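Structural characterization, general
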Amino acid sequence: MTSIRRPRASALALAVGLAVASLSPLHVPDAVAKEQAQPALVADIAFEQFTLPNGLRVIVHTDRKAPIVAVNIWYHVGAKNELPGRTGFAHLFEHLMFQGSENYKGEFFEPFELVGATDQNGTTNSDRTNYFQNVPTTALDMALWMESDRMGHFLGAVTQELLDEQRGVVQNEKRQGENQPYGQVFERLLKASYPEGHPYSWTTIGSMADLSAASLDDVQRFFKTWYGPNNAVLVLAGDIDVATAREKAMKYFGDIPAGPTMAQPKVDPAPRTTSTRDTFTDKVPQARVYRAWNTAEYGKPDVEHLQLLAQVLGGSRSSRLDKRLVFEDKLADNVSAAAWPNLLGGLFFIQVDVKQGVDVATVEKALDEELAKILADGPTAAELEQARTVYKAGFVRGIERIGGFGGKADALAECAVFAGDPGCFRDSLRTLETATAKDLLATGRRWLSKGDHTIVVTPGERVPTVEAPSVTPPAATAVPAADKKYTVVETGVDRSKGVPVTETFPSLAFPALQRTELSNGMKVILAERPGLPVVQMNLQLDGGYAADLGGKLGTSSFTMGMLDEGAGDYDALTFGDRAEALGANLGSSANLDGGSAYLSALKENLDESVALFATMLREPRFDQKEIERVRQSWIAGIKQEKARPNAAALRLLPPLMYGENHPYAIPFSGSGTEASIASLTRDDLVAFHQRWVRPEGATLVIVGDTTLAEITPVLEKHLGSWKGEGQAAAQAAIPAVALPAKPRVFLVDQPGAIQANVYVGQLVPSTRDDQATELEIANAVLGGEFSSRLNMNLREDKGWAYGSYSFVQAALGQRPWIAFAAVQIDKTSESIAELKREITEYTTGQVPAAAAEVAKIQATEIRSLPGSYETANAVLGAIGGIVRYQRPDDYVVRRRAEIEALTPAVVQEAAKAIRPEALTWVIVGDLSKIEAGVRALNLGEVQVVDADGKPVAAAK
């Protein structure tokens with residue numbers, strides 16, 4: 001969400017489950033904090049609010065920068081409102097409510113795709129369920145009709161068939177999470193952290209048994225209890241004013257009767273007094289240590305204090321745990337720390353990836369010592385100020401977005417639902433601004449001095465998940481609170497007429513590109529973006545994975561990743577400190593065809609930030625000790641890729657499709673192999689830097705709150721004298737590859753897997769091909785959208801997968817087209833057969849692209865354009881594509897015209913580029929359960945390979 005947010009996400013926080021993965025730290029401090037001096041806010045979100053007679057709270061924020069409105073509805077119901085034996089209901093309802101309603105028979109996404117909605121999704125956590133989408137201003141009536149119809153006219157659309165279908169989808173989502181390395185941690189953590197029966201003691205996704213046991217009566221009762229307008233908040237943000245919002249909210253929502261007023265569970269952080277441990281083995285590449293404490297609930301100043309403390313402990317490269325465990329003692333590859341608030345109580349946790357060969361006990365001892373130090377003395381003044389700057393800069397960047405995950409609409413909705421005040425983020429910012437080192441010390445001692453729970457996962461056999469038997473719940477689903485009186489108003493909406501038709505759409509407005517050239521020949525492109533006081537830059541360089549040909553795979557990515565690991569007078573730690581002190585984000589990376597270096601700078605620190613950026617580009621140190629540190633973490637990362645079934649498949653596909661000795665025959669991550677990374681020398685990095693990181697032929701793309709007159713002197717000052725060293729390298733031509741004469745199948749064994757990850761790919765013409773747009777639209781018909789053929793088959797019709805999609809990756813040479821699905825293990829062969837059938841029938845014209853399908857994709861692509869460039873980062877990416885693929889400055893407009901001109905016949909012709917007889921299949925799963933079935937399909941020659949693509953003996 002928007003906000004003051006930790007800069008580095010922990011793998012634990014991204015797991016399926018509690019609200020920790022979704023909540024931002026926007027809280028209302030208690031009265032004592034409010035009486036303190038009120039510092040000026042770094043940024044603000046203006047809003048107005050009103051309440052309809054039926055209890056629906058409506059919050060309005062006006063932002064006219066784009067012709068879109070963010071529609072965001074939060075229901076105050078999540079996993080905490082369930083009961084033992086009936087877990088997973090809130091999340092199940094999130095899925096059910098995307099299936100249409102009584103007055104709209106069809107997928108909820110479809111009308112939104114037709115008007116070009118962006119950032120559309122829904123999420124559930126322990127405390128709330130939300131639905132959101134950004135729509136063109138002219139489509140607001142459609143969006144509000146759809147949202148109000150599923151709020152007030154939903155139950156009649158829920159059938160047993162629909163329940164069974166979405167139950168299967170959710171169960172596959174659960175399998176997908178558990179099938180990952182460390183995938184069982186979160187469920188075990190919650191059970192250990194909270195007493196039995198506590199509303200946070202189960203995961204949001206629930207248990208398989210409870211999902212299987214859910215009856216139609218159960219889910220209908222749950223909906224009637226929690227999904228009324230008086231238990232919801234509607235935020236409308238963007239190109240709208242309060243008068244319009246009031247009229248439309250009353251029109252579409254005013255006649256929906258209020259539901260019962262339900263009591264929320266009582267606040268109960270469930271502080272623990274004793275330390276506990278849980279150790280188990282899993283199919284993981286390295287040991288990992290998790291340590292967690294139950295902490296303060298949402299709305300307490302302690303939450304902000306703990307977040308600052310987490311930043312000091314493990315939030316950045318120079319944090320205490322990073323310094324000790326990663327840099328000094330070299331015990332770990334990665335460390336992270338976070339404090340996540342929830343309504344009933346929060347969690348503070350630390351995660352450590354133990355370096356291979358290191359004793360876990362040694363790591364825990366060092367962890368204990370660092371915790372003891374900070375709980376004895378607290379953070380230093382410098383550490384506190386640096387952490388404060390990081391969070392404030394994160395908030396400024398976060399509120400650029402109107403809607404979607406973490407936009408301004410989310411921030412307002414969260415504050416309204418959880419704190420009763422849409423502006424509670426202001427108090428949160430003030431708490432952060434006024435927090436002292438003494439505050440952090442007292443808070444840390446209060447919550448972190450006892451009651452920790454440690455989980456240690458070590459490499460070995462996976463321990464099967466054993467769920468407790470389903471518990472028969474009490475008859476009542478919740479406790480009613482003192483009932484409030486609401487009224488219902490008559491509105492003028494005749495729902496029998498169906499969804500309002502959107503007849504006009506905003507025009508595309510892409511910023512003008514201004515160009516100049518520095519004295520050293522570096523090209524500069526600027527797109528002005530006034531408003532948010534941030535300037536973003538991306539230096540486009542040649543090189544990339546293709547430059548590794550004939551050398552060591554991963555050189556490009558490794559070298560680019562080392563640029564910010566010390567430069568000029570700064571070593572790795574002081575470089576990170578300097579960036580954080582400026583509130584700047586810097587880094588560099590590589591992709592198939594080139595490299596890039598980026599800077600996001602607060603305007604107030606623009607000169608100093610560009611100076612640091614220039615130092616990173618011109619004077620990387622490549623210190624040997626840092627190379628060795630990064631090398632070990634890098635190799636550990638490769639092992640992690642191999643352990644994750646989806647990443648393992650994507651490592652294998654490029655070498656299989658392109659063949660040996662091709663510039664693109666490298667894992668899609670660009671990480672290389674353990675052997676190649678182990679062999680890299682400092683000379684290799686220096687040589688790559690000299691050949692490819694140079695101003696000659698480079699283009700610096702800038703988007704933000706600046707002008708060419710303002711930014712050019714700053715660039716000239718810090719980059720104008722930069723000259724490349726030695727001989728520049730020329731970008732090699734990418735050779736063409738002949739397609740296979742027949743299909744090939746590669747199987748990778750993953751013993752104990754509860755899903756099979758199915759990937760199928762083929763090479764298609766370059767991004768620069770004259771028919772590139774036609775092929776992209778043809779792909780979208782097959783698998784590019786939620787409502788495309790693959791997903792509607794395997795997810796919505798069969799319920800065998802959480803999702804199934806296809807994509808075409810950009811490349812100067814032949815680019816990869818890939819379709820994929822993670823499917824339940826007992827439906828592997830059936831799912832593959834369906835994938836093959838869909839691909840074959842479409843590409844051969846047996847079931848050609850229908851006019852309606854093409855029109856839908858055209859509508860989605862064209863009408864989404866005004867909302868697609870809401871953020872500076874989106875504009876930056878579009879301009880980067882113009883530079884990389886040598887497109888005209890008005891490419892965005894030209895592509896729109898190309899899409900408008902397409903016909904079903906043209907799209908079908910483009911689909912012929914995908915040839916069923918030339919497909920390469922990679923399937924990762926438990927071969928003891930799937931191999932025989934896959935072979936029986938006779939897809940093509942079957943080979944069993946390991947994670948490196950080397951042949952192994954077939955399973956018996």
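So, here's what we can say about the structure. As the structure is a computational prediction, the values presented were derived from the model and not from experiment.

**Section: the overall build of the chain**
Along its length, the chain carries 33 helices and 23 strands. Across its three principal directions, the C-alpha atoms of the chain cover 80 × 70 × 65 Å. When each of the 956 residues of the chain is scored for burial, the buried share is 61%. Put simply, 83% of the contacts in the chain that link residues at least 6 apart link residues at least 24 apart.

**Here's the deal with the nonpolar core**
Met-537, Leu-539, Leu-700 and Leu-715 are the most contacted members of the largest nonpolar core, which totals 73 residues. At seven residues, the largest contribution of residues to this core is made by helix H19 (residues 606-618). Setting aside chain neighbours within four positions, we find Met-537 in contact with Ala-597, Tyr-598, Leu-599, Leu-606, Val-610, Leu-700, Val-701, Ile-702, Ile-711, Leu-715 and Leu-876. Phe-93, Leu-96, Tyr-227 and Val-493 belong to the second largest nonpolar core, which has 60 residues in total.

**Quick notes on the packing of aromatic side chains**
In the structure shown here, the tally under the stated rule is 28 aromatic pairs. The interplanar angle of 25° and the centroid separation of 5.6 Å between the aromatic rings of Phe-93 and Phe-223 together place this pair among those described as stacked. Separated by 130 residues along the polypeptide, Phe-93 in helix H2 (residues 89-96) and Phe-223 in helix H8 (residues 216-226) bring together distant segments of the chain. Take Phe-93: its relative accessible area is 1%, and that puts it in the buried class. Against the face of Trp-74 rests Arg-128, its NZ or CZ located 4.7 Å from the ring centre.

**Digging into the packing of helix H27 (residues 828-843) against helix H33 (residues 927-936)**
Here H27 crosses H33 at 40°, and the two axes come no closer than 8 Å. Pair H27 / H33 crosses with right-handed handedness. Where H27 approaches H33, its residues Thr-828, Ser-829 and Ile-832 are matched on the opposing element by Ile-930, Gly-933 and Val-934. Per-class residue counts for the contact of H27 with H33 are three nonpolar, three polar and no charged.

**Looking at the environment of Gln-166**
Locating Gln-166 in the fold gives a position in helix H5 (residues 160-178). When the C-alpha atoms of Gln-166 and Ala-738 are compared, they prove to be 42 Å apart, with 572 residues separating the residues in sequence. Here Gln-166 is in contact with Leu-92, His-95, Leu-96, Gln-99, Arg-795 and Glu-796, once residues within four sequence places are set aside.

**Side note on helix H30 (residues 872-884)**
The terminal C-alpha atoms of H30 lie 18 Å apart, and with 13 residues this matches the ideal 18 Å at 1.5 Å per residue to within 8%. Buried residues of H30: Ala-872, Val-875, Leu-876, Ala-878, Ile-879, Gly-880, Gly-881, Ile-882 and Arg-884, and no others. Tucked into the core, H30 has its buried residues touching strand E13 (523-528), strand E14 (534-541), strand E16 (595-602), strand E17 (699-704) and helix H31 (891-900). Note on H30: the residue one or two positions beyond its end, Gln-886, has a positive phi of about 50°.

**Overview of the sheet that holds strand E23 (residues 941-945)**
Taken in spatial order, the six strands line up as E20-E21-E19-E22-E18-E23 in an open sheet, and their pairing is mixed. Strands with a single pairing partner mark the edges of an open sheet, and in this sheet they are strand E20 (801-808) and E23. With strand direction ignored, the average angle separating the axes of adjacent strands in the sheet is 15°. Direction of pairing for E20 relative to strand E21 (residues 815-824): antiparallel, over a ladder of six bridges. Bridged to Tyr-805 within E21 is Phe-820. Lying on the sheet, helix H25 (residues 772-784) is in contact with strand E19 (755-764), E20 and E21; it crosses E20 at an angle near 170°. Contacting E20 and E21, helix H26 (residues 789-797) crosses the sheet at an angle of about 165° to E20.

**Here we look at unusual backbone geometry**
Here the phi dihedral of Gln-886 falls at roughly 50°; this positive angle occurs in a residue that is not glycine. Here Gln-886 lies in the loop between H30 and H31. Located in the positive-phi region is Asn-938, a residue other than glycine, with phi close to 55°. Within the secondary structure, Asn-938 is located in the loop between H33 and E23. For Asn-938, a relative accessible area of 64% gives the class exposed.

**Section: the sheet that holds strand E4 (residues 118-124)**
If you walk across this open sheet you meet the six strands as E1-E2-E6-E3-E5-E4, and the pairing is mixed. Only two strands of the sheet have a single partner each, and these edge strands are strand E1 (48-51) and E4. The sheet shows a mean angle of 15° between the axes of neighbouring strands, direction not considered. Of the pairings in the sheet, the one linking strand E2 (residues 57-62) to strand E6 (residues 232-238) comprises six bridges and is parallel in character. Bridging from a neighbouring strand, His-61 pairs with Ala-237 of E6. Across the sheet, helix H4 (residues 140-152) is in contact with strand E3 (68-75), strand E5 (129-136) and E6; its angle to E3 comes to roughly 10°.

The rules behind each value
- Throughout this document, residue positions are counted from 1 along each chain, in the order its sequence is written.
- Where local features are concerned, this predicted model is filtered to residues with pLDDT of at least 70; where side-chain atom pairs are given and counted, the filter is 80 or more; whole-chain, interface and lining totals use all residues.
- Values shown for side chains rest on all heavy atoms present in the structure; no hydrogens or waters enter the calculation.
- Each helix is a run of DSSP H or I of at least 4 residues and each strand a run of E of at least 2, with the numbering of both proceeding from the N terminus.
- Accessibility here uses a 1.4 Å probe with only protein chains present; expressed as a share of the type maximum, an area under 20% marks a residue as buried, one over 50% as exposed, and anything in between as partly exposed.
- When checking whether two residues touch, look at their non-hydrogen atoms; a contact exists if any pair is within 4.5 Å.
- Nine residue types can take part in a nonpolar core, namely buried Ala, Val, Leu, Ile, Met, Phe, Trp, Tyr and Cys, and a core is a set of them joined through side-chain atoms within 4.5 Å.
- Stacked, edge-to-face and tilted are the three classes for Phe, Tyr and Trp ring pairs, Trp counted by its six-membered ring, which pair at centre distances within 6.5 Å; planes under 30 degrees apart are stacked, over 60 edge-to-face, the rest tilted.
- Either the NZ atom of lysine or the CZ atom of arginine qualifies as a charge over a ring when it sits within 6 Å of the ring centre and within 35 degrees of the ring normal.
- Fitted lines through C-alpha atoms serve as axes, helices being fitted only where they are in contact, and the angles separating the N-to-C directions of these axes extend from 0 to 180 degrees.
- Handedness of a crossing follows from how the near helix is turned relative to the far one, being left-handed for an anticlockwise turn of less than a right angle and right-handed for a clockwise one.
- By the convention adopted, Pro, Cys, Tyr, Trp, Phe, Met, Ile, Leu, Val and Ala count as nonpolar, Lys, Arg, Asp and Glu as charged, and the other residues, Gly among them, as polar.
- Expected span of a helix, by definition, is 1.5 Å for each gap between consecutive residues, and there is one gap fewer than residues.
- Any two strands are treated as partners once DSSP identifies two or more bridges connecting them.

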